[in-house]
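These are the residues of each chain, in order.
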Amino acid sequence: MKIVNGRWFAALTVLASSLPTAARACSEADVAGYIKQMGYWKTVPDPDPMLACFVEHGAMTAGLLIKELHPVNGTAYGTVDQGKHQADEHVLWALRGLYYMTGQDIRAGSASELRKLKLPSDREYWLLFASGDKVNFFAIHPSTDATYIAPQDVQAAIIEAWRSWYAKDGGAFSYKAHPYDDTHSWYEGIIESPGYTPPP
Amino acid sequence: MGNPHDTGDLGIGDDLLDGADHVPFAPGLGPDLLAGLPDPNTLPATPQAAVTGKDARADPMTLHQQRTVYGETAGLYPQLVNQPGKNSVYNRSNWNPGSAADLQTARAWMAGVRLRNHIVKESGPHPSNGLEKMVWQDAANAVQASKGLQLPAGVKNFFIRQDGVGAQAPDPKLWGKDAKVYKSFGPFINLGGGDVPKGTKTYIDFYKVEP
């Protein structure tokens, strides 16, 4: 390329290198930036670049995502509530990132204990859907996009389990993309347990 | 999203809701009719028992399909014609025939989707609740109708929405940004009891992802 004006060329080069492109690998700073924004979006972004970046820096990202986990106050919200629970969504997105990168979910509690609480039927149904026995941190009813969240004691147990897992296995784990399929929906929070036979 | 199934003025309109989220009934039929009906949200996730022996003998997948249709659409009713003295939403003779057929077709599609996708809400009626048993039978009829269906490949999800209230489509991250509405059924009346907002403009959108 013919250099017409050295200063303009230098400025354009600096500008181009600061813009994210498909060819530019994501940095650890990018990971931190994505994590900071998770759930606080004003409009729905394309999660693919974020998730690809997470996988690229798997071990570091998993540790950062687990640090974002804390029990949330929400129990259930529907489509009319979208955008009103961004602090909760931030935590759910941290879990989604972990589901996507690891292909695994960690649950806690038990179906029998959950049923004693006599929760609304939809909430109980979806929190037990993926395993039939243990309780999800959250789950989504796909046909309505309603979100259901576990009781706080279950949430706390799940968070502690993720921390223990990371301390033991997180550094050497083989992180890779786990996109949506019939048994693994990272977005819906429905990752069926290995060995669990869902309804046909 | 547009309103491809706007059936025009059936004498219903927004005044059916009197500006509130309920469907008015004929005098003497409102509160009394609703008395004793369980709040669907308090029903146990697993039904007490199969409603009829026929259900118990049905093959497992047929029962899953029926439970899916019931679990996802039990609160939905067709648009009404409001004949004099028969303007209850529970009175089948008050159902607009075209809308009733539309709802059953949508339910048949849902039964077809269940063969491809098990991440759905399944539920069943209380055996002692006559109204719920009526809907349960409608679900069985829809499953039977689905036997002759050939859903296009890639149609394996559906979304139920109240036009103009709440989300009009699922989050693109739910089924991927390539999922598009293939066919929409409605409007129907939603009496509530689930996640979808109540109202008279309820649609069931079936989504397709190109294989």
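To keep things clear, this report deals only with the structure shown in the data block. (Residues numbered from 1 in each chain as written. Chains lettered and ligands numbered in written order. Predicted model: local features only at pLDDT ≥ 70, side-chain atom pairs only at ≥ 80, totals over all residues. Heavy atoms only, no water.)

This part takes up the overall build of chain A. Each helix and strand in chain A was counted, giving eight helices and five strands. When the helices and strands of chain A are listed from N to C terminus, the series reads α-α-α-α-β-α-α-α-β-β-α-β-β. Each of the 200 residues in chain A was classed as buried or not, and the buried ones make up 46%. For chain A, the share of sequence-separated contacts (at least 6 apart) that also reach a separation of at least 24 residues comes to 67%. (Helix = DSSP H or I, 4+ residues; strand = E, 2+ residues; numbered from the N terminus. Buried < 20%, exposed > 50% of the residue type's maximum accessible area, 1.4 Å probe, protein only. Contact = heavy atoms within 4.5 Å.)

Residues and elements named next belong to chain A. Strand order in the open sheet made by the three strands is S1-S3-S2, with antiparallel pairing throughout. Strands with a single pairing partner mark the edges of an open sheet, and in this sheet they are strand S1 (76-77) and strand S2 (138-141). Contacts from helix H7 (residues 121-128) reach S2 and strand S3 (146-149) within the one sheet, and its direction differs from that of S3 by about 75°. (Pairing = 2+ DSSP bridges. Axes fitted to C-alpha atoms, helices over the stretch in contact; angles between N-to-C directions.)

How two helices pack is summed up by the angle between their axes together with the distance between the axes. Residue and element names in this part refer to chain A. Close contact between helix H4 (residues 58-67) and helix H5 (residues 86-102) brings their axes to 9 Å; oriented N to C, the two are set at 150°. Judged by the angle between their axes, H4 and H5 are roughly antiparallel. Taken as a pair, H4 and H5 cross one another with a handedness that is left-handed. Where H4 abuts H5, its residues Gly58, Thr61, Ala62, Leu65 and Ile66 lie against Ala94, Gly97, Leu98 and Met101. (Parallel < 35°, antiparallel > 145°, perpendicular 65-115°, else oblique. Left-handed = near helix turned anticlockwise from the far one by under 90°.)

Bring the parts together and some accessible area is lost; that lost area is often taken as the interface size. Taken together, the 33 residues of chain B in the interface contact 35 residues of chain A. Buried area between chain B and chain A, both sides added, is near 2900 Å², and the carbon and sulfur share of it is 56%. If you sort the residues of chain B by the area they bury against chain A, Ile119(B), Lys173(B) and Asp195(B) come out on top, with a joint share of 27%. Across the contact surface, chain B and chain A share one salt bridge. For the salt bridge of Lys121(B) with Asp122(A), the shortest nitrogen-to-oxygen distance reads 2.3 Å. Counting across the interface, chain B meets chain A through 11 residue pairs in polar contact (both at pLDDT 80 or more). Looking at the side of chain B that touches chain A, the elements that each hand over two or more residues are helix H3 (60-73), strand S2 (155-162) and helix H6 (172-175) of chain B. Per-element accounting of the side of chain B that touches chain A gives the leading share, five residues, to S2(B). (Buried area = accessible area lost by both parts, 1.4 Å probe. Salt bridge = Lys/Arg side-chain N within 4 Å of Asp/Glu carboxyl O. Polar contact = N/O pair within 3.5 Å; in protein donor to acceptor, adjacent residues only side chain to side chain.)

This brings us to the environment of Ala156(A). Positionally, Ala156(A) belongs in helix H8 (residues 152-170). Distance from Ala156(A) to Ala108(A), taken between C-alpha atoms, is 9.0 Å for residues 48 residues apart in sequence.

All names here are of chain A. Two elements in contact, H4 and H8, have axes separated by 10 Å at closest approach and are oriented at 160°. Classified by the angle between their axes, H4 and H8 sit roughly antiparallel to one another. Relative to H8, H4 is oriented so that their crossing is left-handed. Facing Ala59, Met60, Ala62, Gly63 and Ile66 of H4, the residues of H8 in contact are Trp162, Arg163, Trp165, Tyr166 and Gly170.

In this description, an aromatic ring pair is defined by two values, namely the gap between the centres and the angle between the planes. Tallying each qualifying case throughout the model produces 23 aromatic pairs over all chains. When the ring centre of Trp93(A) is taken as origin, the NZ or CZ atom of Arg96(A), which lies over that ring, is 5.0 Å away. (Phe/Tyr/Trp six-rings, centres within 6.5 Å; stacked < 30°, edge-to-face > 60°. Lys NZ or Arg CZ within 6 Å of the ring centre and 35° of its normal.)

The next point concerns the nonpolar core. Nonpolar side chains tend to gather and get buried jointly when the protein is soluble and globular. Formed by 60 residues in total, the largest nonpolar core has its most connected members in Phe54(A), Leu69(A), Leu98(A), Phe137(A) and Trp162(A). Ranked by residues supplied to this core, first place goes to H5(A) with nine residues. Grouped together as the second largest cluster of nonpolar side chains are 33 residues, Val69(B), Tyr77(B), Val143(B) and Val155(B) included. (Core = buried A, V, L, I, M, F, W, Y, C linked by side-chain atoms within 4.5 Å.)

With the rule as written, the count across this model stands at one cavity of 30 Å³ or more. Size it by volume and the largest cavity reaches roughly 50 Å³. His141(A), Pro142(A), Ser143(A), Glu72(B), Asn117(B), Ile119(B), Val120(B), Asn157(B), Phe158(B) and Trp175(B) are the residues that line the largest cavity. Per-class residue counts for the lining of the largest cavity are five nonpolar, four polar and one charged. (1 Å grid on protein atoms, 1.4 Å probe; cavity = no way out; pocket = protein on both sides within 12 Å on 5 of 7 lines; lining within 4 Å. Points joined across faces, edges and corners; volume = space filled by probe spheres on them. Nonpolar A, V, L, I, M, F, W, Y, C, P; charged D, E, K, R; others polar.)

Okay, the pairing of strand S4 (residues 199-208) of chain B next. All names here are of chain B. In terms of residue burial, S4 counts as a mostly covered element, since nine of its 10 residues are buried. Of the strand pairs in this sheet, S2 and S4 are connected by seven bridges, and their pairing is antiparallel. Within S4, the position partnered with Val155 by the bridge is Lys208. Note: strand S3 (residues 180-190) against S4, seven bridges, orientation antiparallel. Counted as the bridge partner of Asn190 is Gly199 from S4.

With that out of the way, let us pick up the sheet that holds S4(B). Residues and elements named next belong to chain B. The strand order across the open sheet formed by four strands is S1-S3-S4-S2, and the pairing between neighbours is antiparallel. Each edge of the open sheet is held by one strand with a lone partner, namely strand S1 (76-77) and S2. Lying over the sheet, helix H4 (residues 97-114) contacts S1, S2, S3 and S4, oriented at roughly 130° with respect to S3.

The subject of this paragraph is helix H2 (residues 28-37) of chain A. Here H2(A) starts with a cap whose side-chain oxygen sits 3.3 Å from the backbone nitrogen of Ala29(A), and that cap is Ser27(A). Directly beyond the C-terminal end of H2(A), a positive phi value near 85° is found at Gly39(A).

This brings us to the pairing of S3(B). As paired strands, S1(B) and S3(B) are joined by two bridges and run antiparallel to one another. When the sheet's bridge partners are listed, Tyr77(B) is paired in S3(B) with Ile189(B).

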